[in-house]
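Summary of structural features
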Amino acid sequence: EVGKYQAVVNETSEERFARVQSTVEKIVARVGEHREYELKKQWLWNKPQLKAEFIRDVLSIVNSEIPDGQDRYIVVGVDEQSREFTGCSYSDFDDDDLRKLFNAYLDPTPLFEVMRFKAANGENFVVFRFPYQPGRPFVVKKDIKENHVIHLYVGEVWHKPGGSDTPGSGKRRVSSHSELLSLINIEPRV
C-alpha cells in the first residue's frame, strides 16, 4: 500500500525527508485525499473562521488512528480536484508560530513536523507530518470566535475516521460517547 512503511529505527532526517516527499508525491498522483492525507491548495489562519477550519483540519488528522511507525499528513500547495502541485509560500508556515497556535488551542499539543519541498513541476509545497500520537484524543481548549459568532467551541473533538459515512474531506465532529471512547489511547504499562 502506498504510504505504509515499517517504523525505521535509525532513520536520519535526510532519509525521513526523502521518504516523506516520495510518499506524498505518490499519494497525490495516485490517490488524492483520503483518511491519511488532507490536501490543501492553500491553508490560511489569518481570520477567526479560517483559524477554526485550520484547527479542525489538524484535529481531524491527529485524532485519526495513527499506528506506531506510520504518519498522517496535511499537504499544502496541492489542488485536491486536479491533484496538481499549485505551490505555496514557505514563509506562511513558521514552526514557532504554528507551535504557539497549537499550544493556544489544542490540548494536548500534538507532535508535528513542518517539511518544505519542491515538486517536479517546480512548485513549492509544505507537508505537515503527524507521527503516532500517544495522547489521543486531542481537544479544543479555547473558543475561536468573531464578534458574537463562535467558530470553534472548547471541548470539541474532530477526527477523520474514513468510510462511506464521512463526507467531503472526511473530517467530522465526534458525536457520541462510544465514538469518543474509541479515540482514547490506553497503553498498557508493564
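In this report, the structure presented in the accompanying data block is examined. (Residues numbered from 1 in each chain as written. Predicted model: local features only at pLDDT ≥ 70, side-chain atom pairs only at ≥ 80, totals over all residues. Heavy atoms only, no water.)

Turning to the overall build of the protein, a few remarks are in order. Helices and strands together make up the secondary structure of the protein, namely four helices and twelve strands. At a minimum sequence separation of 6, the contacts of the protein that also span at least 24 residues come to 64%. When the accessible surface of the protein is totalled, it reaches about 10,100 Å², and 48% of it is carbon and sulfur. (Helix = DSSP H or I, 4+ residues; strand = E, 2+ residues; numbered from the N terminus. Contact = heavy atoms within 4.5 Å. Areas by Shrake-Rupley, 256 points an atom, 1.4 Å probe, with all protein chains shown as cover.)

Before going further, it helps to spend a moment on the pairing of strand β2 (residues 71-76). Of all six residues making up β2, six are buried, and the element is well covered by its neighbours. Burial along β2 is two-sided: Asp-71, Tyr-73 and Val-75 facing one way and Arg-72, Ile-74 and Val-76 facing the other are all buried. Direction of pairing for strand β1 (residues 37-40) relative to β2: parallel, over a ladder of four bridges. When the sheet's bridge partners are listed, Leu-39 is paired in β2 with Val-75. With respect to chirality, the unit in which β1 leads through helix α2 (residues 48-62) into the neighbouring parallel β2 is right-handed. Two strands pair when backbone bridges link them, and β2 and strand β7 (residues 124-131) are joined in this way by six bridges, in the antiparallel orientation. Each residue of the ladder has a partner; that of Val-75, found in β7, is Val-127. (Buried < 20%, exposed > 50% of the residue type's maximum accessible area, 1.4 Å probe, protein only. Pairing = 2+ DSSP bridges. Right-handed = clockwise from strand over helix to strand, strands pointing away.)

What follows deals with the packing of α2 against helix α3 (residues 95-105). In contact at an axis separation of 11 Å, α2 and α3 are set at 85 degrees when each is read in the N-to-C sense. Classified by the angle between their axes, α2 and α3 sit roughly perpendicular to one another. Only Leu-98, Leu-101, Phe-102 and Tyr-105 of α3 make contact with α2, whose side of the interface consists of Lys-51, Phe-54, Ile-55 and Val-58. Residues belonging to the contact of α2 with α3 are distributed by class as follows: seven nonpolar, no polar and one charged. (Axes fitted to C-alpha atoms, helices over the stretch in contact; angles between N-to-C directions. Parallel < 35°, antiparallel > 145°, perpendicular 65-115°, else oblique. Nonpolar A, V, L, I, M, F, W, Y, C, P; charged D, E, K, R; others polar.)

Here the focus is the environment of Val-78. Looking at the element boundaries, Val-78 is found in strand β3 (residues 78-79). Take Val-78: its relative accessible area is 0%, and that puts it in the buried class. Taking the C-alpha atoms as reference, Val-78 lies 6.1 Å from Leu-39; in sequence the two are 39 residues apart. Not counting the four nearest positions on each side in its chain, Val-78 is found in contact with Val-28, Leu-39, Lys-40, Lys-41, Arg-83, Glu-84, Phe-85 and Thr-86.

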